[in-house]
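Here's the letter readout for the chains.
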Amino acid sequence: MSAVPVVYHRGRRARLPALALLSLLAACAGLTDADAPVVASLVVAESGPHVRALRIALERPAPVTVVYRTDDGPELEAASPRALTHRVSLARLQAGRTYSYEVVGTHHGGTFDTEDLPPDLARIGFGATGAPTAPLALVHVFQRDGFTGYVVVDAVGEVVWHWRTQDFPFGMTRRENGNFVFMDKGRGLVEVTPLGGVVSQLAQDTVSREMHHDVIATAANTVLFIAFDTREVAGARTKGEAVWEWSPEADQVTKRWSSWDHMSVADDRGPRFGVEWMHANALAIGPRGNVLLSVHYWNQIVSIAPGWRNVEWRLGGVNATIAVPEGEQFSGQHTAREIAPGRVVLFDNRLERRDYSRAVEFEIVGDRAERRWEWSATPLNFASAVSSARRLPNGNTLIGFGMSEGTAGSTGPIEVFEVTPDGSVVWHLAVTNVLVMYRAEPLWTIAGETSVARAGR
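Residues numbered from 1 in each chain as written. Predicted model: local features only at pLDDT ≥ 70, side-chain atom pairs only at ≥ 80, totals over all residues. Heavy atoms only, no water.

Novice: How should I be thinking about the sheet that holds strand β16 (residues 211-217) in this particular structure?
Specialist: In a beta sheet, neighbouring strands are held together by backbone hydrogen bonds and run either parallel or antiparallel to one another. What the four strands build is an open sheet, ordered β16-β17-β18-β19; its pairing is antiparallel. In this open sheet, the two edge strands, each paired with only one partner strand, are β16 and β19 (252-258). Between one strand axis and the next, the sheet turns through 35 degrees on average, direction left out of account. Taken together, the six bridges between strand β18 (residues 236-247) and β19 define a ladder with antiparallel strand orientation. (Pairing = 2+ DSSP bridges. Helix = DSSP H or I, 4+ residues; strand = E, 2+ residues; numbered from the N terminus. Axes fitted to C-alpha atoms, helices over the stretch in contact; angles between N-to-C directions.)

And the structure:
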C-alpha cells in the first residue's frame, strides 16, 4: 500500500477529511469496481488483550483492508484475502485509547475504546529511545507480587499485548499458524492465539518430565522443549536433561534425546553440580537441522546431530571438542544460536568472572573457536543469570540484560539494546519495577498487522 499523507504540526497530526481519506486509501490500494468490497454488515468484538476482531460480511467476495489509528499512536492496517465473510484482527492496540477504523474502498468504519492495563502490569515501567528494526519486542517478566508473564511493547515502550502466566515465563516460540507457544513453569506449554485464546496445552509434569527453560518450533510444525530426565546415581537423585517433541494436533509427545545416552556423570561434571547435573537453559535449531543445547553448569554449547543419534560437537567448557581461548571462555551463558554454519551467537553472563556480561559471536575454525564480535553495555552491566542475545536479519543484535540491581549479585539495570555490527546503539528499552526479565525477543507482528507508511517519514 502506498503512503497515506498525514501532515504534522508541532507533533500533532492534521488529518484529511474522512471521505477524502477513504477515497485516497481506495486509490492507494488499487481497488477496482469489480473487486472493491461492498459491506453488508460490520461488527467489532472485544477479543483479547489489546486486540479487536472485526467481523465483516460482504455482498460479494472481495479482499478487504482495514486501516485503524489513535490520535497519539501509529497508523496500522490489517488485510484479509478474497472471501465473502472476514474476521480481521485489529492488533497492536495501546491501552486506554479511542481508535477509529475504516474499511478501505468503502464508507464503512467507526470507533472503539481499548481497556486500561491491569494495575500490576501498569506499574511496570517501559521507557524507550531510538528506532528499532523490529517494530515490537516481546519481553518475559517476573515480579513476585505483581505481573508475571509475556509482554509485547512497541518502539516507544507502549504495552500492546500481554499474556499472564501462573509461574515463571520460561521461554516462547511461534508456530507457522501465528500462534504463540508459551512455557509457564507452573502450567506447562500453552498454545495461545494472537486473540488471546488457548487452543492446546501440554500440562506440566513435575514427577517424570518437568519441562523448563525453553521451547522452539520446528520445520515440521511441532515444538521441541527441554525437560529434566531424573535418575538415581550412587543413591542420589540426579537431574539430567532430555529434549522432547510435542505435536499439538496429534496430542503426541515423544522423547527425542537424553543426556544419559551420551554423557557420563563421572566424566562430564562442571564447576556447578548438585541435584541438577547440567542445567540446560536454551534450545535452538541449527542450519543443518542440528539442535543446539546450552548447558549452563558446564559453560558449554552442545550440538546434537540431525536424527538425534550423536553429539556433533561441544563448544567450550567441560570436555570440549571445540576449544574456546582461555580469555574468551563464556560462563553461565544463555540463548546460544548457530546463525550460520559454524557461527554461534550467545549471551555470555560471565558468571565465573562476575565483572560484566556481553553478547558474543564465535566462529568455529577446525577444532577451536575464534571470537568475531562482542558487545557490552556502557556503563557495564553484569547479569548473573537469565538474559538474551538475538541476531536480527539485518545484522543488528537485540541484547537483553535481565537482572535487577542487587539480585543474585547483579549490577542491573534491566534493559534491552539493539546494536549495529559496529556497536552503535539504535534502540534502548529500560524496564523498571521488575525483579527479572528472562529474555527479550524481536517481534514483527502480533496478528499480521503492519504499520502504514507515511509520506515524509
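Novice: Would you take a moment to explain the pairing of strand β25 (residues 343-348) for this structure?
Specialist: Counting buried positions over the six residues of β25 gives five, a clear majority of the element. Across four bridges, strand β24 (residues 334-340) lies against β25 in antiparallel orientation. Counterpart to A340 in the pairing with β25 is R343. Linkage of β24 to β25, two consecutive antiparallel strands, is achieved through a turn of two residues, within which G342 is found at a positive phi near 80 degrees. (Buried < 20%, exposed > 50% of the residue type's maximum accessible area, 1.4 Å probe, protein only.)

Novice: Whenever I open this one, the environment of E363 confuses me. Can you help?
Specialist: Examined against the element boundaries, E363 turns out to sit in strand β26 (residues 358-365). By relative accessible area, which is 23% here, E363 ends up partly exposed. Put simply, E363 and T238 are 125 residues apart on the chain and 34 Å apart in space, counted from C-alpha to C-alpha. Looking at E363, its side chain comes within polar contact range of the side chain of R372, at 2.6 Å. (Polar contact = N/O pair within 3.5 Å; in protein donor to acceptor, adjacent residues only side chain to side chain.)

Novice: Would you mind going over the nonpolar core with me for this structure?
Specialist: Judged by nonpolar contacts, the single largest core of 32 residues is most densely connected at L189, F225, W375 and I399. Core analysis: the next-biggest nonpolar cluster, separate from the first, contains 21 residues, L224, V243, W260 and W308 among them. (Core = buried A, V, L, I, M, F, W, Y, C linked by side-chain atoms within 4.5 Å.)

Novice: Would you explain the packing of aromatic side chains in this entry?
Specialist: Within a pair of aromatic rings, the relevant descriptors are the distance that separates the centres and the angle that separates the planes. Within the structure shown, the criterion is met by 18 aromatic pairs. Aromatic pair Y99 and F112: ring centres 5.6 Å apart, planes at 10 degrees, arrangement stacked. On the criterion of sequence distance, the pair formed by Y99 in strand β6 (residues 98-103) and F112 in strand β7 (residues 109-113) is long-range, its members being 13 residues apart. Both rings, one in F170 and one in Y438, keep their centres 5.6 Å apart while their planes meet at 70 degrees; by these two values the pair is edge-to-face. Residue F170 is located in strand β12 (residues 169-174), and its partner Y438 is located in strand β32 (residues 436-443); the two are separated by 268 residues in the primary sequence. Overall, the relative accessible area of 10% leaves F170 in the buried class. A residue is classified by how much of its surface remains accessible, and Y438, at 2% relative accessible area, is buried. An aromatic cluster is present here, built from F142, F168, F170 and Y438 joined pairwise through their rings. It is R350 that lies over the ring of Y356; its NZ or CZ is 4.2 Å from the centre. The ring of W373 has R391 lying over it, and the distance from NZ or CZ to the ring centre is 5.3 Å. (Phe/Tyr/Trp six-rings, centres within 6.5 Å; stacked < 30°, edge-to-face > 60°. Lys NZ or Arg CZ within 6 Å of the ring centre and 35° of its normal.)

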